[in-house]
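Residue-level structural notes
Here is how the chains run, residue by residue.
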Amino acid sequence: LEARAGLGTLLCRADQELVGLSILQEVLEEDPERINARFNMAVAYHKLEEFEKAIEHLEIVRAQDANYKGVKPALGRSYYSRGLTLLRAERLRGAVDAFRSSLEFLKYNAKLHYALGLAHMDLEELAEAEAAFKQAVYLESDHVPSLHNLATICDRTGRDEEALEYYRRVQRLTPHLE
């Protein structure tokens, strides 16, 4: 069983995910508690952009061992990737939920806060969007897309002076675009 789990993992890492997943699935059918096989399945599903399956397996790993090495960052990345997929598909409420789940694991990621802000902005939830963009800027002071969206929100909500300040920051950071 150990050798088959190792083979499945190696195949997944060697871009033979489908064969590797098949072997790992057989291993889990015989021993559902084999945590490393489940974790490696989740990683393979993530590589295949099957984020829901990746999340499902990672949540099982976390339930079996909350401190399993790598499970929390992997969950954060999978929820974030799922959120991006939903955002592109304009399934905005699902995107917000996925990004919020990702925040549990990646709270210091400016790109994640920016993506959450975009979803809120598209939902016309401007206060929530503004908070997300401000957090992105707090984490990465030169995050131009967040600064630009903050300017847009301020402009749309009648805060002209604040909007102008954000626009000026964007101009200072992107002089090549003038």
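Structural data are supplied above this passage.
Residues numbered from 1 in each chain as written. Predicted model: local features only at pLDDT ≥ 70, side-chain atom pairs only at ≥ 80, totals over all residues. Heavy atoms only, no water.

1. Considering the nonpolar core
Just so we agree on the cut-off: For the purposes of this section, nonpolar cores are sets of buried Ala, Val, Leu, Ile, Met, Phe, Trp, Tyr and Cys residues that join through side-chain atoms within 4.5 Å. We call a residue buried when its accessible area falls under 20% of the maximum for its residue type, exposed when it is over 50%, and partly exposed in between, using a 1.4 Å probe and counting protein chains only. Put simply, DSSP marks the helices as runs of H or I at least four residues long and the strands as runs of E at least two long, and each gets a number from the N terminus on. The contact rule is simple, with two residues in contact once any of their heavy atoms fall within 4.5 Å.
Within the largest apolar cluster, 27 residues are counted, with the highest numbers of intra-cluster contacts made by Phe39, Leu58, Val71, Leu75 and Phe99. Every element with two or more residues in this core is listed here: α3 (35-47), α4 (51-64), α5 (71-88), α6 (92-103) and α7 (110-122). Looking at this core, the element that brings in the most residues is α5, giving 7 residues. Non-local contacts of Phe99, meaning those with residues more than four positions away in its chain, are made with Tyr80, Gly83, Leu84, Leu87, Leu112, Ala115, Leu116 and Ala119.

2. A closer look at the packing of α3 against α4
This is how the line gets drawn: Lines fitted to C-alpha atoms define the axes here, with helix axes fitted over just the stretch in contact, and angles between the N-to-C directions of these axes take values from 0 to 180 degrees. In this scheme, roughly parallel covers angles under 35 degrees and roughly antiparallel covers those over 145, while 65 to 115 is roughly perpendicular and the rest are oblique. Note on convention: the crossing is left-handed when the near helix lies turned anticlockwise from the far helix by less than a right angle, right-handed when the turn is clockwise.
Two elements in contact, α3 and α4, have axes separated by 8 Å at closest approach and are oriented at 155 degrees. What the angle tells us is that α3 and α4 run roughly antiparallel. For the pair α3 and α4, the sense of crossing is left-handed. Where α3 abuts α4, its residues Ile35, Arg38, Phe39, Met41, Ala42, Tyr45 and His46 lie against Phe51, Lys53, Ala54, His57, Leu58, Ile60, Val61 and Gln64.

3. Things to note about the packing of aromatic side chains
This is how it is decided: Two aromatic rings from Phe, Tyr or Trp, using only the six-membered ring of Trp, form a pair when their centres are within 6.5 Å; if the ring planes differ by under 30 degrees the pair is stacked, by over 60 it is edge-to-face, and anything between is tilted.
All chains considered together, the criterion is met by 4 aromatic pairs. With a centroid separation of 5.4 Å and 55 degrees between ring planes, the pair formed by Phe39 and Tyr68 is classed as tilted. Here the residue Phe39 occupies a position in helix α3, and Tyr68 occupies one in the loop between α4 and α5, the gap between them amounting to 29 residues. Accessibility classification places Phe39 together with Tyr68 in one group, the buried group.

4. Examining the environment of Glu17
Here Glu17 is to be found in helix α2 (residues 17-30). Each C-alpha atom, one on Glu17 and one on Lys47, is 8.2 Å from the other, the two residues being 30 residues apart in sequence. Beyond its immediate stretch of four places on either side in the chain, Glu17 contacts Leu11, Cys12, Ala44, Lys47 and Leu48.

5. Considering the environment of Leu112
When you line up the elements, Leu112 lands in helix α7. Taking relative accessible area as the criterion, Leu112 reaches 0% and is therefore assigned buried. For the pair Leu112 and Pro175, spaced 63 residues apart in sequence, the C-alpha separation works out to 26 Å. Ignoring any residue separated from it by four or fewer positions in sequence, one finds Leu112 in contact with Tyr80, Phe99, Ser102, Leu103 and Leu106.

6. Some thoughts on helix α1 (residues 2-13)
Three- or four-residue spacings in an α-helix give side chains the same orientation, since the helix completes a turn every 3.6 residues. Convention followed: In this analysis, the expected span of each helix is defined as 1.5 Å times one less than the number of residues it contains. The arc refers to the directions leading from the helix axis to the C-beta atoms.
With 12 residues, α1 extends 17 Å between its outermost C-alpha atoms, agreeing within 8% with the 16 Å of an ideal straight helix rising 1.5 Å per residue. Along α1, the positions that sit buried rather than exposed are Ala5, Gly8, Thr9 and Cys12. Along the axis of α1, the buried residues cluster in a sector spanning 100 degrees; they form a single face. Of the exposed residues in α1, those oriented more than 90 degrees away from the buried face are Ala3 and Leu10. Tucked into the core, α1 has its buried residues touching α2 and α3. Two residues or fewer past α1, Asp15 is found with a positive phi of approximately 60 degrees.

7. So, α3
Relative to the 18 Å expected for 13 residues at 1.5 Å per residue, α3 spans 19 Å between its end C-alpha atoms, a close match to the ideal helical length. Those residues of α3 hidden inside the fold are in contact with α1, α2, α4 and α5. Note on α3: the residue one or two positions beyond its end, Glu49, has a positive phi of about 60 degrees.

8. A word on the side chain of His120
Take His120: it is sitting in helix α7. On the basis of relative accessibility, which here comes to 2%, the residue His120 falls in the buried class. Sequence-distant contacts of His120, that is, excluding residues within four places in its chain, are made with Val96, Arg100, Glu125, Glu128 and Ala129.

That is the geometry; function is a separate question.
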